[in-house]
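Coordinates in review
Spelled out from the first residue to the last, the chains are:
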Amino acid sequence: GSGLLGLGVFLGIVYLALKNYKVAVQNYFRRGDVENELLANTYRTAFIANLLFFLFSSDPASKLFWMFLALSQISLKLSPKDTCCSFTMSIGPA
């Protein structure tokens, strides 16, 4: 194994994926998009269930783990950004 360094990298990746899911759910919630909010929340729950499965399994090349990592980034990129505080400046008459 790779010891503590590998554990640190693994935990960092898991933390980043969970954070991506959390931000995506919050973005969907702020926009009122209930369907996509529930979908992102379901992805996060399935990711956590997959991690719990890893406690009892030793399959290091699980395709589900990599799929859920990719879905965390996709969910974050597809979620609408918070636009409540952004503004555009126009010059001239409206």
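Values in this document were obtained by computation on a predicted structure and should not be read as measured data.

1. Comments concerning helix 1 (residues 3-31)
The terminal C-alpha atoms of helix 1, which comprises 29 residues, lie 43 Å apart, in line with the 42 Å expected from a rise of 1.5 Å per residue. All of the buried residues in helix 1 are Val14, Ala17, Asn20, Tyr21, Ala24, Val25, Asn27 and Tyr28. Check the buried side of helix 1 and you find it contacts helix 2 (34-54) and helix 3 (63-78). Of the residues trailing helix 1, Gly32 is marked for its positive phi of about 80°.

2. Some remarks on helix 2
With 21 residues, helix 2 extends 30 Å between its outermost C-alpha atoms, agreeing within 8% with the 30 Å of an ideal straight helix rising 1.5 Å per residue. Taken together, the buried positions of helix 2 are occupied by Glu37, Ala40, Phe47, Asn50 and Leu51. Looking straight down helix 2, one finds its buried side chains confined to an arc of 150°; they lie on one side. Away from the buried face of helix 2 by more than 90 degrees, exposed residues Glu35 and Leu38 are located. The elements touched by buried residues of helix 2 are helix 1 and helix 3.

3. Comments concerning the packing of helix 1 against helix 3
Look at helix 1 against helix 3: their axes get within 8 Å of each other, and the N-to-C directions meet at 40°. For the pair helix 1 and helix 3, the sense of crossing is left-handed. Across the interface between the two elements, Phe10, Ile13, Val14, Ala17, Asn20, Tyr21, Val23, Ala24 and Tyr28 of helix 1 pack against Phe65, Phe68, Leu69, Leu71, Ser72, Gln73, Ser75, Leu76 and Leu78 of helix 3. Of the residues that constitute the contact of helix 1 with helix 3, the class distribution is 14 nonpolar, 4 polar and no charged.

4. Things to note about the environment of Asn41
Structurally, Asn41 is set in helix 2. The spacing of Asn41 and Lys22 is 19 residues in sequence and 7.9 Å in space, taken between C-alpha atoms.

5. Considering the packing of helix 1 against helix 2
The axes of two packed helices give the description: the angle between them and the distance between them. Running from amino to carboxyl end, helix 1 crosses helix 2 at an angle of 160°, the nearest separation of the two axes being 8 Å. By the angle class used here, helix 1 and helix 2 are roughly antiparallel. The element helix 1 and its partner helix 2 pack so that their crossing is left-handed. Across the interface between the two elements, Phe10, Val14, Ala17, Leu18, Tyr21, Lys22, Ala24, Val25, Tyr28 and Phe29 from helix 1 touch Asn36, Glu37, Ala40, Asn41, Tyr43, Arg44, Phe47, Ile48 and Leu51 from helix 2. Here the contact of helix 1 with helix 2 is composed, by residue class, of 14 nonpolar, 2 polar and 3 charged.

6. A look at a nonpolar patch on the surface
Judged by side-chain polarity, Leu4, Leu7, Phe10 and Leu11 come together as a nonpolar surface patch covering roughly 410 Å² of accessible area. Residue position: Phe10 is located in helix 1. When its relative accessible area of 34% is taken as the criterion, Phe10 is described as partly exposed.

About the cut-offs
- Residues numbered from 1 in each chain as written.
- Predicted model: local features only at pLDDT ≥ 70, side-chain atom pairs only at ≥ 80, totals over all residues.
- Heavy atoms only, no water.
- Helix = DSSP H or I, 4+ residues; strand = E, 2+ residues; numbered from the N terminus.
- Expected span 1.5 Å × (residues − 1).
- Buried < 20%, exposed > 50% of the residue type's maximum accessible area, 1.4 Å probe, protein only.
- Contact = heavy atoms within 4.5 Å.
- Arc of directions from axis to C-beta.
- Axes fitted to C-alpha atoms, helices over the stretch in contact; angles between N-to-C directions.
- Left-handed = near helix turned anticlockwise from the far one by under 90°.
- Nonpolar A, V, L, I, M, F, W, Y, C, P; charged D, E, K, R; others polar.
- Parallel < 35°, antiparallel > 145°, perpendicular 65-115°, else oblique.
- Patch = residues over 30% accessible without salt bridge, like charges linked within 9 Å, V, L, I, M, F, W, Y side chains within 5 Å.
- Areas by Shrake-Rupley, 256 points an atom, 1.4 Å probe, with all protein chains shown as cover.
- Salt bridge = Lys/Arg side-chain N within 4 Å of Asp/Glu carboxyl O.

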